[in-house]
Amino acid sequence: MFKWIETARKLRENGVLGMNDRNYSVIAKYNDRSLYTLVDDKVKTKKLANDINISTPKMIGIIEHQYEVKNLVDIVKGYKTFVIKPAHGSGGKGVLVIKDFDGEKFYSASGEVLTFKEVYQHVSNTLSGLFSLGGRYDVALIEETVNFSDVFKDFSYHGIPDVRVIVYKGFPAMVMMRLATKESDGKANLHQGGVGVGLDVKTGKTLRAVLHDKPVTIHPDTGANLMDLKVPFWREHLLIGALAYDMTGLGYLGADIVLDKNRGPMMLEVNARPGLAIQIANGKGLKTRLKEIDEKFPTGLTAEERVDYVLNN
Amino acid sequence: MKLTRLFSVRKVLSYLLVLSVVYAAYSIYYKIKYWGFSLTPKTVTDVWRIDAKVTFEPTSKNIRVALSVPDGNENFDILSEDIIANGYNISKDEKDNRVIFDGKNKHGKQSLYYRLNIYEDVKNTQINLQKPQKVERPILSEEEQQQMKQIWELARAQEEGNKVQKVIKTVNQEMTNPSMSLVLPLKHTSKAFAEKIIQILAYKHIPARIARAVKLEEGKKTERPDIMLEAYLDNSWKLYDLNNGNIGLPDKWIVFQRGGISLLDVRGGEDSKVMFSVLKSVATPMKMAEHRAKANDKFSEYEYSIYTLPLLEQNTLKWLMIFPLAILVVVILRNVIGVSTMGTFTPMLLAMSLVKTGFIPGLICFSIMIFLGLVMRAVVAKLNLLLVPRISFVVIFVILLIQLLTIIGYRIDSSLVSSAIFFPIIITAWIIERASITWEEEGARNTLKEIFNTLLTAVVTYFVINNETVRHVMFAFNELNIVILFIVMLLGTYTGYRLTEITRFASLAAKDK
């Protein structure tokens, strides 16, 4: 009991943000509930992002009604590879990545061979709300696949590494990279066994890495030295985060960014209530950082100026 | 500026919490004092029913029967009085505490009933008895005076007790002494005995009188109430046991009549007698509260409480009144401890079911249902059904499962299996659906962890709400729910760490910066 109190005191000293504090003092204050709809719907987010020149994977089409499901083949005509995802999904649920389509069979990224019927079923399930928050009716979004940059090839096992930028009042506050492992089954969520790599917000270099909340230095499957990680196009990553604030008005948000071989950093989605695991990956308390931004950082800057301010101070 | 706003929200809620605590404390005091509620679930109170049946043969046209009845007694409160006397006018003589029956032109044997329901309620207040007039010395012959003096001398020699007790003891001892036969009772009836003692006491100007009391014994029937002596000494009336001189009314005795007047008086009739019978029954404290409230002149307040509702509604409310506490437990477990469960109030509803099924049978039965449901759901997953039909399938499957288990449970006479019927169908189906999706997406480990957390929360909640005392208190003192309301609201502003976060973020505590 005494030990707990002692630990809690130290956590407070180190400015660690707790879940209650996040909900009460940050989200309830700076994230207006009406803004949630902007980020809950990926189609809407994509349109907003395009308006403000944030690059996102290009949309091929959307399927809104069950009777349109059979139009899928027409929609993806000319594409060998594409992604089907639910517009209201979260945490990578219901995302189907087609690596190859030969006109008869679909080859998924996880190595399965799917028939038309199976893919239609997947779209149909998506529309009926199988993957969406609260099970409500949904829309299937079909977009181009990301050509993942080879830079991270050794750092992720069979999955998509992404960069999560926590943006507070428009300033990139804390950053981590999430890497898939064998255990996480291609997904990069930390609680499913993904590796979290805390990145220095000024340089994009590794601060430290954690697996299951414990520090690690090498990737458990590929053996790559996680300390060597350095994200290229760092300023562009941060700029996407800063622009996401202009786009949504959310005072506290998490922007998920992937690096495309040809198009550079692209925004996948924005999260209105990003989790707190990033603190463990960075080995730092988020509250200290938020306080610093509250007290010291200037207001009224453009997104570019905010990013420069973060990089230079 | 925002910090001060936050501070004031918390402040206002704290004030409201303090106010609600003060209100609840007063209300609890009020209910205990005036309604007789208690903090412990005393399930029943003994209620005694005393029937006094008066019988007589009429001899004239006008009949008047007077029966002495108890007033507010030392040990008892009157719950209700009932008089059954067809064709008689009933009136009450408040001064002497008698019920008067007036009848005309009656023929044949008459039976009048006086019924009294009383319950034990020890009051320390002295019953206000009138101060007696000075007693004159009885006129005695020379010889009698001699013997009287002798008695008093013997009495004074007694070691213990006050004057009255000493006299009673002496008379009991010297009963057969021929040298004092004139002042000692001749017949060995308690009435004669009492009358002689009154005479002895009168010799020293101590007022005394006969009191008739009935001892409450289950199934008792008697024609004659027991006789006690009441004497006025040191400015107060006290009752004395004629056999040993003990002071005070023994436990479970009720005084029907005191003083010179008779217990039963029949004018215009003969062969009259009164028969007492005693029956014991029980009543719930809530039932008693109404009478206590009336007795304390607080009935209008009582009338608008939940305790005057029909029993069915009361039972429903009693069930509802425990919910806020269960909710509080869930809020604390989630926001202060940091246990993550399936659904916010699912564990609470499970706990409610466990109360009905019993703990172990409920847990086992629930596990069986979840297990079978998951197996079935895994089979159906292959069919790729649409969402709504699939959940509907699970719901119907659960209903059929409950039906099956209940029938089997009844046939093999096992409450363990048949308790299935008490689990909420939708909640059970929802847990199965949620668990199977978690299983697919996040693996068995996370699923079992979630189920475990949910059950753990349910078990903790169960132990809180299954406590008989807790349930009684939450119902009898339902104003506590307002306190809970403000505690919950105040917890809504709690920004400290959850207990589980302390372990989760432990690695961040080690570093200095």
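Quick notes on the sheet that holds strand 12 (residues 252-260) of chain A
Residues and elements named next belong to chain A.
Inference 1: Strand order in the open sheet formed by seven strands is 11-10-9-8-7-12-13, and the pairing between neighbours is antiparallel. Pairing within the sheet leaves two strands with one partner each, and these edge strands are strand 11 (214-216) and strand 13 (264-271). Within this sheet the neighbouring strands show an average axis-to-axis angle of 30 degrees, counted without direction.
Inference 2: Pairing between strand 10 (residues 206-211) and strand 11: three bridges, direction antiparallel. Counterpart to valine 210 in the pairing with strand 11 is proline 215.
Inference 3: Contacting strand 7 (162-168) and strand 8 (171-179), helix 9 (residues 286-296) crosses the sheet at an angle of about 150 degrees to strand 8.

Re the packing of helix 3 (residues 163-174) of chain B against helix 4 (residues 190-203) of chain B
The packing of two helices is summarised by the inter-axis angle and the distance between the axes.
Residues and elements named next belong to chain B.
Inference 1: Axis separation between helix 3 and helix 4 bottoms out at 11 Å; the angle between their running directions is 130 degrees. By the angle between their directions, the pair helix 3 and helix 4 is classed as oblique. Seen along the crossing, helix 3 lies across helix 4 with a hand that is right-handed. Across the interface between the two elements, Val164, Val167, Ile168 and Val171 from helix 3 touch Ile197, Ile200 and Leu201 from helix 4.
Inference 2: Of the residues that constitute the contact of helix 3 with helix 4, the class distribution is seven nonpolar, no polar and no charged.

Here's the deal with the interface of chain B and chain A
Inference 1: Each partner contributes to the interface: chain B provides 23 residues, whereas chain A provides 28 residues.
Inference 2: Elements represented by at least two residues in the side of chain B that touches chain A include exactly helix 11 (387-411), helix 13 (425-465), helix 16 (499-504) and helix 17 (506-510) of chain B.
Inference 3: With four residues, helix 17 of chain B is the single largest residue contributor to the side of chain B that touches chain A.
Inference 4: Here the residues of the side of chain B that touches chain A sort into ten nonpolar, six polar and seven charged.

Quick word on the environment of Lys273(B)
Inference 1: Residue position: Lys273(B) is located in strand 13 (residues 269-283).
Inference 2: With near-sequence residues (within four places) excluded, Lys273(B) lies in contact with Thr55(B) and Glu223(B).

Rules behind the numbers
- Residues numbered from 1 in each chain as written.
- Chains lettered and ligands numbered in written order.
- Predicted model: local features only at pLDDT ≥ 70, side-chain atom pairs only at ≥ 80, totals over all residues.
- Pairing = 2+ DSSP bridges.
- Helix = DSSP H or I, 4+ residues; strand = E, 2+ residues; numbered from the N terminus.
- Axes fitted to C-alpha atoms, helices over the stretch in contact; angles between N-to-C directions.
- Contact = placed C-beta atoms within 7 Å.
- Parallel < 35°, antiparallel > 145°, perpendicular 65-115°, else oblique.
- Left-handed = near helix turned anticlockwise from the far one by under 90°.
- Nonpolar A, V, L, I, M, F, W, Y, C, P; charged D, E, K, R; others polar.

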